[in-house]
Amino acid sequence: MNDYFSYILSNLSLNELSVLGILSDNQANLVFKSMKKKTIQDLSQLSTAKFRKSLDRLEANRFIEIVTNEKEHKIYITEYGQIALNQSLKEEV
C-alpha cells in the first residue's frame, strides 16, 4: 500500500502541489475552513483548464474534498493531501 501512495505522489504535477500548498498555507483543512474555488484559482494563477484538471486529479486521489452545499463550491485539503504535500516537500529538501 505504501508503494501505491509513493507512486501517486511521484505523479503529482507542480500545479497540483501548488493547489495543495495554497490550501495548507491557508489552513483550509476542515469543512468550515474551506476556501472558495475562485480564490484558490486566483492565488494559483492557473488557467481555468489547468485548474480544473488539477482539481479533478486531486479529488480523485482523495487529497481534497469539494463542498457543494453552497452556491459557490469550496475546497479543503484532506489528511491524505496534507501527508502528500509534506512528503513531496520533504523529498525536495
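Remember, it's a predicted structure, so these values are computed and weren't measured experimentally.

A. Here's a closer look at helix α1 (residues 2-10). Residues of α1 that are buried: F5, I8 and L9. In a view along the axis of α1, the buried residues occupy a sector of 100 degrees, so they form one face of it. Exposed positions of α1 whose direction lies more than 90 degrees from the buried face are D3, Y4, Y7 and S10.

B. Structural context of the pairing of strand β2 (residues 64-67). As defined by bridge partners, β2 adjoins strand β3 (residues 74-77) across four bridges and the pair is classed as antiparallel. Considered in β3, the bridge of V67 is made with K74. Between β2 and the antiparallel strand that follows it, β3, lie six residues.

C. Layout of the pairing of β3. Burial along β3 is two-sided: K74 and Y76 facing one way and I75 and I77 facing the other are all buried. One ladder, built from two bridges, connects strand β1 (residues 35-36) with β3; its direction is antiparallel. Along β3, the bridge assignment pairs K36 with K74.

D. Inspection of unusual backbone geometry at higher detail. For Q27, which is not glycine, the phi dihedral falls at a positive 55 degrees. Looking at the element boundaries, Q27 is found in the loop between α2 (14-25) and β1. A positive phi angle, close to 65 degrees, is found at R62, a residue other than glycine. Position of R62 among the secondary structure elements: in the loop between α4 (48-60) and β2.

E. Molecular detail of the packing of aromatic side chains. As enumerated under the stated definition, the model contains one aromatic pair in all. Between F5 and F63 the ring centres are 6.1 Å apart and the planes differ by 80 degrees, which places this aromatic pair in the edge-to-face class. In this pair, F5 is assigned in helix α1 and F63 in the loop between α4 and β2, connecting sequence segments 58 residues apart. F63 gets classed as buried once you look at its relative accessible area, which sits at 1%.

F. Expanded view of the environment of R62. Residue class for R62 comes out partly exposed when judged on its relative accessible area of 47%. Once residues within four sequence positions are removed from consideration, R62 is found in contact with T78 and Y80. In terms of polar contacts, R62 uses its side chain to reach the side chain of E65, at 3.2 Å.

Cut-offs and rules
Residues numbered from 1 in each chain as written. Predicted model: local features only at pLDDT ≥ 70, side-chain atom pairs only at ≥ 80, totals over all residues. Heavy atoms only, no water. Buried < 20%, exposed > 50% of the residue type's maximum accessible area, 1.4 Å probe, protein only. Helix = DSSP H or I, 4+ residues; strand = E, 2+ residues; numbered from the N terminus. Arc of directions from axis to C-beta. Pairing = 2+ DSSP bridges. Phe/Tyr/Trp six-rings, centres within 6.5 Å; stacked < 30°, edge-to-face > 60°. Contact = heavy atoms within 4.5 Å. Polar contact = N/O pair within 3.5 Å; in protein donor to acceptor, adjacent residues only side chain to side chain.

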